[in-house]
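Below, each chain spelled out in residue letters.
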Amino acid sequence: MSMQNKTTYNPWFRLYSLLLLLGCTLGMSAQESLDTMAFERDHHYGIGYNFVVKGDSLRLTSQQPEEFLADLATDSFSVAGQTRLVVADVRMMPGDPIDSVWLKIGTEDLRFGWTRESALLSETVPDDPISQCIAFFSDVHVMAACILLFASAVALLVYYLLKRKAYIVHFNDIHSFYPTLLCIVVSVGASLYASIQLFAVDQWQHFYFHPTLNPLAVQPLLALFLVNFWAIILIALATIDDVLHQLDFGDAVLYLLGLMAVCGVDYIVFSLSTLYYVGYLLLVFYICFALWVYFRKGRATCLCGNCGAKMAGKGRCPRCGTVNE
């Protein structure tokens, strides 16, 4: 049984993958071409698709799947983590009780081996940074650790801010609608993400294997999610700019940290609760609550005559102390 060390990245690997795909396509019969198209439609990837080993290694069998399933003597080799792979062939093995789909995989140093589809997908991720981010944050263990650590950090931060009577969104907010809008948009995005998991699983799987940030290139529900993603970025930039103009740098940093904590809680609560459908009702309640708090306490109706700071009404300016009547 031979072992393979980790290979260095070959800059021509994508060209190699495209040539492999072209060669396989030209060599296919009409029926084989139809079968390949059906496989790509159902599995969202096919011959020529690139993966990256995410674990320590991936085991590939050098012989054909029939030999492996017949318990004949076979050889195998190990592909190291972070090695790029390409799907070279697909074979259906109905007699395999574990997985009927076997894939022929090519490595960066042009070695070939076979493995089950389930083994490949569990040990690799698509060779795309967006897909890799999706895989990382979809991991159950990562999610559990993030929730635990984030909940502890949020509790300590909110306690500190409230004790200091510092500015914090929804509780002691500044005179700006951007922070409230950011919280609402993040909550809507979390519900959209969970809704895709519930009602458009096939679309999400296709997006995972063929990610894009262009809302015009995907189905309506995914397009709405991507529009929400871009809205979060734009509103976040506007929020940072407005906060830095209204608060001193130290207070602005504390406020933005508190805002991040609230947005994080919103994301966790609505992405999980929507999976059980109760999130939709909570979302409506939260939006109404956020808007009510802003229009009741956070909306600025006056400007300080001395420094121009926003004020909820007449009285002493919170920035310069001037009494406005």
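It should be emphasised that the depicted structure is a prediction, and the values quoted were computed from it without experimental measurement.

Student: Looking at this model, I keep getting lost on the overall build of the chain. Mind explaining?
Tutor: Helices and strands together make up the secondary structure of the chain, namely 11 helices and 11 strands. The buried share of the chain, reckoned over its 325 residues, is 40%. Within the chain, contacts between residues separated by at least 24 positions form 62% of all contacts whose residues are at least 6 apart in sequence. With the model as given, the accessible surface of the chain reaches about 18,200 Å², and the carbon-plus-sulfur share is 65%.

Student: I tried to follow the pattern of salt bridges on my own but got confused; where do I start?
Tutor: Applying the stated criterion to the full structure yields four salt bridges. Notably, a salt bridge pairs arginine 84 with aspartate 127, separated by 3.4 Å at the nearest N-O pair. Taken together, the positions of arginine 84 in strand 4 (residues 84–92) and aspartate 127 in the loop between strand 7 (124–126) and helix 5 (129–138) put the pair 43 residues apart, joining distant regions of the chain. Judged by its relative accessible area of 12%, aspartate 127 falls in the buried class. Across the pair arginine 116 and aspartate 96 runs a salt bridge, and its minimum N-O distance is 2.8 Å. Placement of arginine 116 in strand 6 (residues 112–116) and of aspartate 96 in the loop between strand 4 and strand 5 (101–106) is noted, with a sequence separation of 20 residues between them.

Student: Hey, could you run me through the side chain of threonine 180 in this one?
Tutor: Here threonine 180 lies in helix 7 (residues 178–199). Judged by its relative accessible area of 1%, threonine 180 is buried. The contacts of threonine 180, once residues within four sequence positions are left out, are Val169, His170, Asp173, Ala290 and Tyr294.

Student: How should a nonpolar patch on the surface be read in this particular structure?
Tutor: Together, Val265, Val269, Leu272, Leu275, Tyr276, Val278 and Leu282 make up an exposed nonpolar region whose accessible area comes to about 580 Å². At the level of elements, helix 10 (249–273) and helix 11 (278–298) are the ones that each hand at least two residues to the nonpolar patch. When residues in the nonpolar patch are grouped by element, the largest group, three residues, is from helix 10. With respect to the helices, strands and loops of the structure, leucine 275 is situated in the loop between helix 10 and helix 11.

Student: I would appreciate a short explanation of the nonpolar core in the present structure.
Tutor: As a rule of thumb, nonpolar side chains are buried together in soluble globular proteins. Of all hydrophobic cores here, the largest spans 29 residues; its most connected members are Tyr45, Leu103 and Trp204. Top element by residues in this core is helix 8 (residues 201–209). It accounts for four residues. Setting aside its immediate chain neighbours within four residues, tryptophan 204 contacts Ile134, Tyr193, Ile196, Gln197, Leu222 and Phe225. One finds Val186, Val243, Ala252 and Val262 within the second-largest nonpolar core, a separate group that totals 19 residues.

Student: Sorry, what's going on with the pairing of strand 4 here?
Tutor: Pairing between strand 1 (residues 50–53) and strand 4: three bridges, direction antiparallel. Across the sheet, asparagine 50 pairs through a bridge with valine 86, a residue of strand 4. In the sheet, strand 4 pairs with strand 5 via six bridges, with the strands oriented antiparallel. Bridge assignment links valine 86 to a residue of strand 5, and that residue is glycine 106.

Student: Would you mind showing me how to read helix 7 here?
Tutor: Since the α-helix advances by 3.6 residues per turn, residues separated by three or four positions end up pointing in the same direction. Between its first and last C-alpha atoms helix 7 spans 31 Å; for 22 residues at 1.5 Å apiece the expected length is 32 Å, and the two agree. Extensive coverage of helix 7 is indicated by the burial of 16 of its 22 residues.

How each quantity is defined
- Residues numbered from 1 in each chain as written.
- Predicted model: local features only at pLDDT ≥ 70, side-chain atom pairs only at ≥ 80, totals over all residues.
- Heavy atoms only, no water.
- Helix = DSSP H or I, 4+ residues; strand = E, 2+ residues; numbered from the N terminus.
- Buried < 20%, exposed > 50% of the residue type's maximum accessible area, 1.4 Å probe, protein only.
- Contact = heavy atoms within 4.5 Å.
- Areas by Shrake-Rupley, 256 points an atom, 1.4 Å probe, with all protein chains shown as cover.
- Salt bridge = Lys/Arg side-chain N within 4 Å of Asp/Glu carboxyl O.
- Patch = residues over 30% accessible without salt bridge, like charges linked within 9 Å, V, L, I, M, F, W, Y side chains within 5 Å.
- Core = buried A, V, L, I, M, F, W, Y, C linked by side-chain atoms within 4.5 Å.
- Pairing = 2+ DSSP bridges.
- Expected span 1.5 Å × (residues − 1).

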